[in-house]
Amino acid sequence: MHNCVMTNALNSRRTIEELKALRALTGDENGAQRVAFTPVWVKARKFLRQRFDGLPVEIAEDAAGNLWATLRGDSEKELLIGGHIDSVPNGGWLDGCLNTLAGVEVLRRISAQYHGKPPVTVRVVDWADEEGARFGKSLFGSSACSGNLDLDEARGLVDQDGIKLPDALKEVGIDLQKVKDCGKERKNAAAYLELHIEQGPVLLDLDLPLGAVLGTFGVERHAITFRGQAAHSGSTPMDRRKDAFFAAARMSPEIYEIAKRSGMGVCTIGSCTTKPGIVTSVVADCRITLDQRHLEADKLATMHAEARAASERFAREAGCAVEWERLWHIAPAPFDPDLISLCDEAIKETCGVSHRLPSGPLHDAAEMCMAGVPTVMMFTQSLHGISHNKIEDTKEEHLAQSVEALDKLADKTMAWIVAG
């Protein structure tokens, strides 16, 4: 009887139609344009607010600009269903907004089934500026809520038009100095759920619609500068050169071996700059950037140590020096084992087979996890394995299944909170 009521009330097709309506409202021929703190984002937020019309919910924005829709329950303990409606410029039609609009549909079902009074309080949250596309700093709203936002760093952020983040926030009614006040919003949080497109090819290659996410990768990001000696490219014998590029270039195949040894880790050299940077000179300085990610902290540390040791060896063999500069670090965020199991169950009940996988990209879920809120994510397959691109897509069948599985997961999680 319980499953029958839930199935009748949930309308996953409605979510797909709302996603298409949002695409038409806030996109163009180049893709989604819902960049945070812009007029199009404000329009998207208004669209999201309207989805809650007719529901017995309280709608409010917190000090960081996060939007909350709250359905009060018999218990003050809260089930949070989160996501973000902002996009990167020229982004895909599903990145972020799938989780917010699916959350709306789940809230509709819960409200209908429990006549507006579920066993626990249920809240849908749209985090402000998950992407960080305009100011280069991701997870703004969720990191403010978790307490991890660096206000000194945020004060100095400037967009490509020279507008400072505090001024852009002021335009939409947000005072940067007060954004961490939103931390009070998580005081009763008992669990956090987030649905997202995978943004990669794992589920696609396995031909599976859905997967349970184990956690988000930790990141070690460094700039590595090899320092050699400039010399004439015509008159300097090969065995007399101190070629910084030669040392740096040897890092490329090495990081693939390091990643392979780690199991599930990934390593990327994303940029390379040489000086003097002319065709007739041996390279004096070569700066590369290295991004390393892993779900396990000890293995991430091993990957970093192995890369550092390799760079020192290659520099020595090339007659160069090497310097490391940390650009960024974030610890791995492994999700709650109980919620991962419940996510698995919900997926299997929806489509028969589940797969567990880590998330390479960061998500707001990582901030909730690091703040001590039991957390899990669910991924749905991405066609082409592509995201942050206008060709981003997912089969409508899989979108429908993702909404249905999230709904089942919400039900299981409410029971888990009550039993807890």
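Residues numbered from 1 in each chain as written. Predicted model: local features only at pLDDT ≥ 70, side-chain atom pairs only at ≥ 80, totals over all residues. Heavy atoms only, no water.

### Describing unusual backbone geometry
Thought 1: Note the cis peptide between Lys275 and Pro276, where omega equals 5°.
Thought 2: Relative to the elements of secondary structure, Pro276 occurs in the loop between strand E10 (266-275) and strand E11 (285-294).
Thought 3: Residues other than glycine seldom take positive phi values, yet Asn90 does so here, at roughly 60°.
Thought 4: Along the chain, the position of Asn90 falls in the loop between strand E5 (75-83) and helix H4 (97-113).
Thought 5: Within the chain, Gln199 stands out as a residue other than glycine whose phi angle is a positive 75°.
Thought 6: Within the secondary structure, Gln199 is located in the loop between strand E7 (189-197) and helix H8 (202-206). (Helix = DSSP H or I, 4+ residues; strand = E, 2+ residues; numbered from the N terminus.)

### Remarks on the sheet that holds strand E12 (residues 321-330)
Thought 1: Spatially, four strands are ordered E10-E11-E9-E12 in an open sheet, and the strand pairing comes out antiparallel. On the outer flanks of this sheet lie E10 and E12, each paired with one strand and no other. The average angle at which neighbouring strand axes cross in this sheet is 15°, direction not considered.
Thought 2: In this sheet, E11 lies alongside E10 in antiparallel orientation, the contact comprising nine bridges. Each bridged residue has a counterpart across the sheet, and for Lys275 the counterpart in E11 is Asp285. (Pairing = 2+ DSSP bridges. Axes fitted to C-alpha atoms, helices over the stretch in contact; angles between N-to-C directions.)

### Considering the confidence of the model for the protein
Thought 1: When pLDDT is averaged across the protein, the result is 96; 98% of the residues are at 70 or more.
Thought 2: Low pLDDT (under 50) marks residues 1-8, which in the prediction has nine contacts with non-local residues, meaning those over four places away or in another chain. (pLDDT = per-residue confidence, 0-100. Contact = heavy atoms within 4.5 Å.)

### Description of helix H3 (residues 39-51)
Thought 1: The end-to-end C-alpha distance of H3, which contains 13 residues, comes to 19 Å, matching closely the 18 Å that a straight helix rising 1.5 Å per residue would cover.
Thought 2: Taken as a whole, H3 has its buried residues at Trp41, Ala44, Arg45, Phe47, Leu48 and Arg51. Looking down the long axis of H3, one finds its buried residues gathered within 160° of arc, a one-sided arrangement. Opposite the buried face of H3, at more than 90 degrees from it, the exposed residues are Pro39 and Lys46.
Thought 3: Buried residues in H3 make contact with helix H2 (12-26), strand E3 (58-61), strand E4 (67-71), H4 and strand E6 (120-126). (Expected span 1.5 Å × (residues − 1). Buried < 20%, exposed > 50% of the residue type's maximum accessible area, 1.4 Å probe, protein only. Arc of directions from axis to C-beta.)

### Remarks on the layout of surface pockets
Thought 1: Roughly 1,200 Å³ of volume is contained in the largest pocket.
Thought 2: Elements that contribute at least two residues to the lining of the largest pocket include exactly E10, E11, E12, strand E14 (356-359) and helix H13 (364-370).
Thought 3: Residue classes in the lining of the largest pocket are distributed as 16 nonpolar, 15 polar and eleven charged.
Thought 4: When its volume is computed, the second largest pocket comes out at roughly 190 Å³.
Thought 5: Lining the second largest pocket, in full, are Val35, Pro89, Ala133, Arg134, Asp159, Gln160, Asp161 and Ile163.
Thought 6: Class assignment for the residues of the lining of the second largest pocket results in four nonpolar, one polar and three charged. (1 Å grid on protein atoms, 1.4 Å probe; cavity = no way out; pocket = protein on both sides within 12 Å on 5 of 7 lines; lining within 4 Å. Points joined across faces, edges and corners; volume = space filled by probe spheres on them. Nonpolar A, V, L, I, M, F, W, Y, C, P; charged D, E, K, R; others polar.)

### Observations regarding the environment of Arg287
Thought 1: Tracing the chain through its elements places Arg287 in strand E11.
Thought 2: Given a relative accessible area of 33%, Arg287 falls into the partly exposed group.
Thought 3: In sequence terms Arg287 and Arg227 are 60 residues apart; their C-alpha atoms lie 8.7 Å from each other.
Thought 4: The residues touching Arg287, leaving out its near neighbours within four places in the chain, are Ala223, Ile224, Thr225, Ser271, Cys272, Thr273, Glu325 and Leu327.

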